[in-house]
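The residues making up each chain are set out below.
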Amino acid sequence: MSKISPFSCVQMLTVVLIFAFASFTFGQDPVDRLHRESLVWDCHNDLAYRVLYERLDIGDRLPAGHVDIPRLQEGQVDVQVVALFIQNYLYPDKAARQAFQLLEAMTGAIEKNSAAVELARTGSDIERIVAKGKIAMPLAIEGGHAIENDLELLRKFHELGVSSMTLTHNISHDWADSSADKPRWDGLNDLGRKVVKEMNRLGMVIDVSHVSDKTFFDVIETTEDPVIFSHSGCRAVNPHRRNVSDDMLQVLAQNGGVIGIVFEVTFLSPKYHQAAQKLRAIGRPIYQKVPVIEDMDLRITIEHLSQGRDWPLENLPTLDDLLDHIDHAVKIAGVDHVGLGADMYPRTPSPLGIRGAHDYPNITRGLKKRGYSEEDIKKIMGQNFLRVWKQVTDKNLR
Ligand SMILES: [Zn+2]
C-alpha cells in the first residue's frame, strides 16, 4: 500500500488548476458552451439599407453599426433575417421599385460574401446553411404596400427569394391597417384576406409587427399557419403602440406563432420613450423647414444617413430591460412562443450591454442568470423561430 506523498498532492492540485484554467480559457465556461450549441436567430435587421444607400460591404466591420458579418460571427449568430424596409411615402405606386432595388442589392451582397453567408428561402435551407458553419440570411419585406395591391408582385418577390412579409409599416394602406395610422378598414379588408391566404399558399411567413390590433386579430382568423411578430415588445412592460398586449400574446400562442423581442430602446422603456418624444418635439419644427427632395433615391439616402439626431443619451435601457420583456412574454405566451428580433440600426442607440450582434452571448448569460433551463434558452435564442419557419416555408417541399 502506498500513501500519496505531500509532493504528489501539490502536483495533482497543480494539474487540476491547470486543467480548470485551460477549460475556462478554451471556452468551456458553461454559458459559452450553451451559446455555441444554441441556434441563435435575430428576426429583424435593416442591413439592406447600408448595402444600397451607403454602398458598404457587409463582409467588413462596418463603421457606426451593430450588425455585419464579422460581428455576427463574433456573436455566433446563425440566422439573420434581413428586412427590405419600404418607405411609406413611396405608397401607392413607387414602393415595388424600392423593394426590387433593395432585393437586388442584398442578394448581391450575400453572393459577394458567399464564403460566410447564404440566402435562405426555407427552414430546410436554414438548417443546411447553418450545418455548414455559415450564417443563413432569409429576406423579408417590411411593409405590405410593397406589393402595390398586386398578388402577382407578391409571387414575384417570393420567387426572387423573399420568404416573409410584414403586412404594414407605419401607414394604413389599401388592404390593412397599421398601429401607427388611422384605421381605414377596421383591420384587414377582403384584399388583405386574399394576401394572407396567398402567403399561406406560397409558404411565406406572415409578420404582424407594426399592424393594428384589429388587423392582428383578423389575420389570426384568416391564416392557416402560425404568424410572427418579427420585432415587437410587451405592452404590459411599456405601453407603446408598437408593443403587443397580453390578449394578443395569448392568441399568438394558440396560433403557434412567435414574438421576436425587439431591442429598440423606445419600445423597451417607457421612461426613455417619453424622453425621446420630448427631444423630437423640440427638433420637429427644424425638420419641417427642409424642402421635400424630388429625387426619391436621394431623399431616402439623406434620411437614412441623418438617423440618430434625436436620441437622448441619458437613461438608456439596459440588457435587463430587454430581459424583462422576454420574461413577460414567456409568462403570458409560454416559452415556446418567444424569440429575438433586435432591429439594431446604425446610429441609433442599442440597450446598454448589447453593443451589437457580437454581444448576443450576453443575452444567453442573462437568461441563465434569471434561471431559465438550457432547453428553454435554446428555444428563445432561435429554436422557436426555426419551428415556425419550417412549418410555413417547408410545406411546399413536402
Ligand atoms: Zn419595423
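Everything that follows concerns the structure shown earlier in this document.
What this report covers is the structure whose coordinates are included nearby. Keep in mind that what you see is a predicted model, and the values were worked out from it rather than measured. (Residues numbered from 1 in each chain as written. Predicted model: local features only at pLDDT ≥ 70, side-chain atom pairs only at ≥ 80, totals over all residues. Heavy atoms only, no water.)

1. Topic: the overall build of the protein
Thinking step 1. Regarding its fold elements, the protein presents 16 helices and 10 strands.
Thinking step 2. Since a compact globule built from 398 residues should have a radius of gyration of about 21 Å, the 22 Å found for the protein is in line with a globular shape.
Thinking step 3. Expressed along its principal axes, the backbone C-alpha trace of the protein runs to roughly 90 × 55 × 45 Å.
Thinking step 4. Residues classed as buried in the protein amount to 58% of the 398 residues present.
Thinking step 5. The contacts of the protein with a sequence gap of at least 6 include a subset with a gap of at least 24, amounting to 72%.
Thinking step 6. Of the roughly 17500 Å² that the protein leaves accessible, carbon and sulfur atoms contribute 56%.
Thinking step 7. Charged side chains of the protein number 46 positive and 54 negative; the gap between the two group centres comes to 3 Å. (Helix = DSSP H or I, 4+ residues; strand = E, 2+ residues; numbered from the N terminus. Rg over C-alpha atoms; globule rule 2.2 N^0.38 Å. Buried < 20%, exposed > 50% of the residue type's maximum accessible area, 1.4 Å probe, protein only. Contact = heavy atoms within 4.5 Å. Areas by Shrake-Rupley, 256 points an atom, 1.4 Å probe, with all protein chains shown as cover. Lys, Arg positive; Asp, Glu negative; His and termini not counted. Charge placed at Lys NZ, Arg CZ, Asp CG, Glu CD.)

2. Notes on the environment of Ile69
Thinking step 1. Within the element layout of this structure, Ile69 appears in helix 4 (residues 69-74).
Thinking step 2. Remark: the alpha-carbon pair of Ile69 and Ala329, spanning 260 residues in sequence, is separated by 29 Å.
Thinking step 3. Other than its neighbours up to four places away in sequence, Ile69 contacts Ile58, Gly59, Asn113, Ala116, Val117 and Ile135.

3. Overview of the coordination of the zinc ion
Thinking step 1. Only Glu142 (OE), His210 (NE2) and His231 (NE2) from the protein reach the zinc ion as donors, at distances of 2.1 to 2.2 Å.
Thinking step 2. On the primary sequence, the residues serving as donors to the zinc ion are separated as E-x67-H-x20-H. With a gap of 68 residues between them, Glu142 in strand 5 (residues 139-142) and His210 in the loop between strand 7 (205-207) and helix 9 (213-222) connect regions that are remote in the sequence.
Thinking step 3. On the basis of relative accessibility, which here comes to 3%, the residue Glu142 falls in the buried class.
Thinking step 4. Judged by relative accessible area, which is 7%, His210 ranks as buried. (Donors = N, O, S within 2.8 Å, 3.2 Å for Na, K, Ca; no water.)

4. Comments concerning the pairing of strand 1 (residues 41-45)
Thinking step 1. Most of strand 1 is tucked away, with five of its five residues classed as buried.
Thinking step 2. Where strand 1 and strand 2 (residues 79-85) come together, three bridges link them in parallel fashion. Residue pairing for strand 2: Asn45 is matched across the bridge by Val82. (Pairing = 2+ DSSP bridges.)

5. Examining the packing of aromatic side chains
For any two aromatic rings, the description comes down to two numbers: the centre-to-centre distance and the angle of the planes.
Thinking step 1. Inspection of every chain in the model, using the stated rule, returns eight aromatic pairs.
Thinking step 2. An aromatic cluster is present here, built from Trp41, Phe385 and Trp389 joined pairwise through their rings. (Phe/Tyr/Trp six-rings, centres within 6.5 Å; stacked < 30°, edge-to-face > 60°.)

6. Structural notes on the pattern of salt bridges
Thinking step 1. For the structure on display, the rule yields 33 salt bridges.
Thinking step 2. Note that Arg193 and Asp218 form a salt bridge whose closest N and O atoms lie 4.0 Å from each other. Of this pair, Arg193 sits in helix 8 (residues 190-202) while Asp218 sits in helix 9, and the two are 25 residues apart along the sequence.
Thinking step 3. Overall, Arg193 belongs to the partly exposed group, its relative accessible area being 27%.
Thinking step 4. With a relative accessible area of 5%, Asp218 lands in the buried category.
Thinking step 5. Overlapping salt bridges bring together Glu118, Asp125, Arg128, Lys132 and Lys134 as one network. (Salt bridge = Lys/Arg side-chain N within 4 Å of Asp/Glu carboxyl O.)

7. Some thoughts on the nonpolar core
Thinking step 1. Counting residues in each nonpolar core, the largest one holds 93 residues, and the members touching the most others are Met106, Met137, Ile326, Tyr360 and Ile363.
Thinking step 2. Examining the composition of this core, we find that nine residues originate from one element, helix 5 (residues 95-112), more than from any other.
Thinking step 3. With residues near it in sequence (within four places) discarded, Ile326 still touches Ile261, Val338, Leu340, Leu367, Tyr372 and Ile380.
Thinking step 4. Val258, Leu386, Val388 and Val392 belong to the second-largest nonpolar core, a separate cluster that totals 19 residues. (Core = buried A, V, L, I, M, F, W, Y, C linked by side-chain atoms within 4.5 Å.)

Shape is all these values report; function is a separate question.
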